[in-house]
Structures are given as structure tokens and as C-alpha cells.
Amino acid sequence: MQLNFIEMLAMNNPLRKGLLRHLEFRLFRQLLADQQVDPSGKTLVDLACGSGYSSYFLAQTYRPNRLVACDVMPRQLELARRYPTEALWVLADVHQLGLKPESFDFAFAFGLLHHLEDWRRAAAEIAGLLKPGGYLLIEEPNGTSAAFFRRVFGFGIPPEGAFNFDQLEARFAEVGLKRLAWKKVLFPCFRAYILQKI
């Protein structure tokens, strides 16, 4: 999904960068530590990498063996390439990434699925990228919050993206991802998950 003008402003500003670094990424690190899992030196994919700050932080923190960063928007990848990150930048839709199945130890997605009409298919695509035993770290809002951002702020979130956490977790289970833990992201209407491919 392409972000509209309002969403581009919301995603590409110092406040968003601060929230990503000091809140969302910190929660992912806590989830990893709680499960005694370390992505250092592993193969990582950053899905919907946006302007590249998440990829930069993943690279600086974990020094991965390989980092692939994907986004559907050329402008976002143009911004991402400004960071001194050794990543393979891929312009692709999450439904058609063209990446080798079962080739990643870890997948990271900072608020991706609620932007998609066919988020169920995307969940299957993401699961397919992971090696057996691999991990997905993802954060998402519940359906009420997604609908609020669409209605009040004009975000281009499709009605299908207004899923609830039960629906999200059920889909994860259907595609072979076992929920290990979750934490709220600032408010209970946002969650960060760690899941493992079984």
C-alpha cells in the first residue's frame, strides 16, 4: 500500500523516529531478551522499512550477517538509502517480495499488516520467509485504533486492516507462527509480538 501525504508526514518526522527507537524497538529488544533470543549475526528482513531508520537501527544493534530491507514506495527507499547501512534494498510489495522462501532467521515489521487489504495473505508470505524456528517481531494496532486513524486523521488504512488481536493471532497460528509473547505499545490498543515459526 502506498502511504498518502498525511501518512508520509506522520511516518517521516523526528517524533516518529524517537518513538521507533525508544519505544517500539525497545519493546522488541525486551521480547527477544525475555525469550533469550539474539539476532546478532543472523539473517534479518525489515518489512515495510519506510525511510530506513528501522533498518539502520537493526544493523547497528545486531550487525546481521545479511539484512534485507523492503518497501513498496520508491520515495521511502530513496530516503532509506541515506543511512550508512549495508542492506539489500528491495522495492516490492509484501505480497510479491521475490525473496527466497525460508531464508531468514528474523523478520521485523513495524506496523505493516493494518495497511493492507489482504493482510491474511501477507501474514502467510511473511511466515514463508522464515526458516523453521525463525522469529517474527511485529507490532500492530487493534481494529478500533486503525479505524480511528482512518476516520480522524485520513490515513489510507483499508477497512480490512481494522482487524482485532484475536483475528491477528488466529491468522498467525494458521500460517504456522506460534505466539511466544506480546507487550503493549504505550497503550493497550497497540501490541508488539514475538512469534516463532513451528
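Residues numbered from 1 in each chain as written. Predicted model: local features only at pLDDT ≥ 70, side-chain atom pairs only at ≥ 80, totals over all residues. Heavy atoms only, no water.

Asks: Just checking my understanding: could you explain the pattern of salt bridges for this structure?
Replies: Two side chains carrying opposite charge are able to pair once their charged atoms lie near each other. One pass over the structure, following the stated rule, counts eight salt bridges. For arginine 16, the salt bridge identified is with glutamate 24, shortest N-O distance 2.2 Å. Summarising the burial analysis for this pair, arginine 16 and glutamate 24 share the class buried. Close ionic contact of glutamate 78 with arginine 75 constitutes a salt bridge, the shortest N to O distance being 2.7 Å. Of this pair, glutamate 78 and arginine 75 both sit in helix H4 (residues 74-80), three residues apart, which is roughly one turn of the helix. For arginine 75, a relative accessible area of 41% translates into the label partly exposed. One salt-bridge network, held together by shared partners, links Glu169, Arg179 and Arg191. (Salt bridge = Lys/Arg side-chain N within 4 Å of Asp/Glu carboxyl O. Buried < 20%, exposed > 50% of the residue type's maximum accessible area, 1.4 Å probe, protein only. Helix = DSSP H or I, 4+ residues; strand = E, 2+ residues; numbered from the N terminus.)

Asks: Any chance you could explain the pairing of strand E6 (residues 177-185) here in plain terms?
Replies: For a regular strand, side-chain orientation follows a simple rule: the groups alternate between the two sheet faces. Pairing analysis gives eight bridges linking E6 to strand E7 (residues 187-197), with the strands arranged antiparallel. When the bridges of E7 are listed, lysine 178 appears paired with glutamine 196. Linking two consecutive strands that pair antiparallel, namely E6 and E7, is a turn of one residue; a positive phi of about 70° is found at leucine 186 within it. (Pairing = 2+ DSSP bridges.)

Asks: Please explain the pairing of strand E5 (residues 130-141) as it appears in this structure.
Replies: Among the twelve residues of E5, nine are classified as buried, and the element is accordingly described as predominantly covered. Of the pairings in the sheet, the one linking strand E4 (residues 104-110) to E5 comprises six bridges and is parallel in character. If you follow phenylalanine 106 over to E5, its bridge partner there is tyrosine 135. In this sheet, E7 lies alongside E5 in antiparallel orientation, the contact comprising seven bridges. Along E7, the bridge assignment pairs leucine 137 with isoleucine 194.

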